[in-house]
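Single-letter residue listing:
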Amino acid sequence: MAKRISGKLNWLEKHLPEGLMVDAAWLEKHGYSTGLRSQYVAAGWLDQPTRGVYRRPRGELSWQQAVISLQTILNASPVIVGGKTALDLQGFAHYLPTKIKEIHLYGPKPLPYWLNKLPLTVRFNHHNNRKLFNNDPITIGISSLKWDVTRAQGSTNDPLDGGAFNVLPWGQWDWPLTLSTPERAILEALDELPNHESFDQINKLMEGLSNLSPRRLQKLLTDCKNVKVKRLFFFFADRHKHTWLKRLDKQKVDLGKGKRLVAKGGRLDQTYQITVPESFHAV
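Quick caveat, the model's predicted, so the values are computed rather than measured. (Residues numbered from 1 in each chain as written. Predicted model: local features only at pLDDT ≥ 70, side-chain atom pairs only at ≥ 80, totals over all residues. Heavy atoms only, no water.)

Taken across its six residues, strand 10 (residues 175-180) has six buried, putting it largely inside the fold. Here six bridges tie strand 9 (residues 165-170) to strand 10, and the two strands are oriented antiparallel to one another. Pairing of tryptophan 170 across the sheet is with tryptophan 175, part of strand 10. Two successive antiparallel strands, strand 9 and strand 10, enclose a turn made up of four residues, where glycine 171 displays a positive phi of approximately 80°. (Buried < 20%, exposed > 50% of the residue type's maximum accessible area, 1.4 Å probe, protein only. Helix = DSSP H or I, 4+ residues; strand = E, 2+ residues; numbered from the N terminus. Pairing = 2+ DSSP bridges.)

Time to look at the pairing of strand 5 (residues 102-107). Of all six residues in strand 5, five are buried, a share of seventy percent or more. Judged from the two bridges that link them, strand 4 (residues 80-81) and strand 5 form a sheet pairing that is antiparallel. Bridge pairing in strand 5 places isoleucine 80 opposite tyrosine 106. As paired elements, strand 5 and strand 6 (residues 123-128) share six bridges and run parallel to each other. Opposite glutamate 102, over in strand 6, you have arginine 123 as the bridge partner.

Let's shift gears to unusual backbone geometry. The step from leucine 193 to proline 194 runs through a cis peptide bond, and the omega angle for that step is 0°. For proline 194, the position within the fold is in the loop between helix 7 (182-190) and helix 8 (199-207). Within the chain, glutamine 273 stands out as a residue other than glycine whose phi angle is a positive 55°. Relative to the helices and strands, glutamine 273 resides in the loop between strand 11 (267-269) and strand 12 (274-276).

Our focus in this paragraph is the environment of lysine 246. With respect to the helices, strands and loops of the structure, lysine 246 is situated in the loop between helix 10 (227-240) and strand 11. For lysine 246 and proline 214, which are 32 residues apart along the polypeptide, the C-alpha to C-alpha distance reads 8.8 Å.

Right, let's get into the environment of isoleucine 274. Mapped onto the secondary structure, isoleucine 274 falls in strand 12. Separated by eleven residues in sequence, isoleucine 274 and alanine 263 place their C-alpha atoms 8.2 Å apart. With sequence-adjacent residues up to four places away left out, isoleucine 274 is seen in contact with Arg231, Leu232, Phe235, Arg260, Val262, Arg267, Leu268 and Asp269. (Contact = heavy atoms within 4.5 Å.)

This next bit is on the confidence of the model for the protein chain. In this model, the protein chain carries an average pLDDT of 85, and 84% of its residues clear a pLDDT of 70 or more. Taken together, the stretch residues 137-147 has pLDDT below 50 and engages in 43 contacts with residues farther than four places along the chain or on a different chain. Under a pLDDT of 50 for its full length, residues 154-162 has, in the predicted model, 22 contacts with residues more than four places off or in other chains. (pLDDT = per-residue confidence, 0-100.)

As a further point, take the nonpolar core. One recurring pattern in soluble globular proteins is that nonpolar side chains are buried together. Of all hydrophobic cores here, the largest spans 75 residues; its most connected members are Phe124, Leu190, Phe233 and Phe236. With seven residues, the top contributor of residues to this core is helix 10. If we skip the residues at most four places from it in the chain, phenylalanine 124 touches Trp63, Ala66, Val67, Ile103, Leu105, Leu111, Leu115 and Asn116. (Core = buried A, V, L, I, M, F, W, Y, C linked by side-chain atoms within 4.5 Å.)

This is the structure:
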């Protein structure tokens, strides 16, 4: 019995990095029964931060560990950090409130039920990425990213040539945290207007995006199926007159027809036929 436990502990040490987490189904699949899991928790070999979730003890629990676990070990459904969270992590939101309270995650399926039950000070918000893009570039990107956290090795055969996501090293072992590129993230943030983001914050974010890739933008704007997002993007881009704007072919982007009500009680912008707050008209 002791030899059996020792062998299984050795296997966990090789396949479950300290700090990262797995669910009960993952452990069950690899031969760790309910009783054995309970024994490991009692002995201190595993932590149980919430019901049905386990990890090898390593410092305080962080939201990055939870997301990296989903993206690597538990990659049953692709998920990526996006929107304002991705912009913040890449240094584009330094003038906005610095304490992250919401983590915006994008993927085709709902998040695991236990994610928002973890003892963390943030809340995870799920967004269905298929509602924003026709060809689902995020899912293609993640599914092409093969990362072995036990060996710290990764490779990609992304057909979009990195247009949808970046990988940031995080923590002592440089675990890969996969997130939207700034080009993708600003479109995701624009999709949150007006209910969950403010015009002022989006305006400040767009002001700082002076070094975006026109190639990536063209690819994502052409694939985006949300007319409101595309019109708002060009509205803010015109407002800040970034140099990359001149290299975009607006004729290849479907901006739809008719007016779009974005700001209730706002004023109609004649160029893009969207209502925006009075204070956001050209000065």
